[in-house]
Amino acid sequence: MKERGGIAVIGAGKLGEALIRGLLDAGALTPERITVTAGSPERGGLLRDQLGVRAAAGNVEAARDADLVLLAVKPQQVGPVLEGLRGALREDQLLVSVAASVSIAFIEKRLDRPVPVVRAMPNTAALVKKAITGMARGTHATAEHLEAARTIFAAVGRVVVVDEKHLDAITGLSASGLAFIYVVIESLAEGGVKMGLPRHLATELAAQTVLGAGAMVLETGAHPALLKDNVTTPAGTTIDGLLQLEEGGLRVTLIKSVVHATRRASELLE
């Protein structure tokens, strides 16, 4: 992005704040180059006071001098917000939407000029720079626009570029999936507590175990089934635990969780 500009975060809720904090922590942008709007003046003032960003009175004001406009409102609010921005967005700006379920076609149809659009789906692990973001570009977005958006999200984690048709599944898997894994961590910790571990220690052990498992998959490139088999010795402790997981239907339950979350992502605007 050009040095004269910055980014405008339209609708700085939980995800918007997580992205802002991640970008600031990563040193990708300085606070004065970020302008936010929020659902209430109090919310905008809070972010200004806590993070040092600029709080705008309205969306048009926020977007006016930005090189990149990040649309982080709820899916149902995208249409009205875009209507309010008609005539305000320029062809030399980049509009990036992180609104779940809202298609690029829906966005482009509500713009009065060929503004470049990138649709992205990060998760709130951006707060600790461990996000995974799927992104796809729109009709008027070039490879340069995609790279500008990728740079923003790469500051807070990994980025994958996909066909737009995959973004609802990415929503169900990696955006909603964080909540599924929190339940797994909580459950593992409860098992530790059941066996006598202090709760704080059990939670630390469970969280680090999940973190380690993810790192093993990403850094070795090995299939999860192979890594599982490497831990599972004959007549050992792990196989007994795996038997309980299979009897409890954990595998099928997690698959169904992703399927249902994906379906819901495709229905949010209906």
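In this report, we go over the structure that sits alongside the text.

Rules of the game
Residues numbered from 1 in each chain as written. Predicted model: local features only at pLDDT ≥ 70, side-chain atom pairs only at ≥ 80, totals over all residues. Heavy atoms only, no water. Helix = DSSP H or I, 4+ residues; strand = E, 2+ residues; numbered from the N terminus. Polar contact = N/O pair within 3.5 Å; in protein donor to acceptor, adjacent residues only side chain to side chain. Expected span 1.5 Å × (residues − 1). Buried < 20%, exposed > 50% of the residue type's maximum accessible area, 1.4 Å probe, protein only. Contact = heavy atoms within 4.5 Å. Phe/Tyr/Trp six-rings, centres within 6.5 Å; stacked < 30°, edge-to-face > 60°. Lys NZ or Arg CZ within 6 Å of the ring centre and 35° of its normal.

With respect to the helices and strands, the residue S101 is situated in the loop between strand 5 (94-97) and helix 5 (104-109). Among the polar contacts made by the side chain of S101, one reaches the main-chain carbonyl oxygen of A265 at a distance of 2.6 Å.

The end-to-end C-alpha distance of helix 1 (residues 14-25) is 16 Å, a good match for the 16 Å that twelve residues give at a rise of 1.5 Å each. A large share of helix 1 lies buried, amounting to nine of its twelve residues. Among the residues making up helix 1, those that are buried are L15, G16, E17, A18, L19, I20, G22, L23 and L24. For helix 1, the secondary structure elements touched by its buried residues are strand 1 (7-10), strand 2 (34-37), helix 2 (41-51), strand 4 (68-71) and helix 6 (143-154). At the C-terminal side of helix 1, G27 shows a positive phi close to 75°.

Glancing now at the packing of aromatic side chains. By the definition in use, this model includes zero aromatic pairs. The ring of F106 has R110 sitting right over it, with the charged end atom 3.6 Å from the ring centre.

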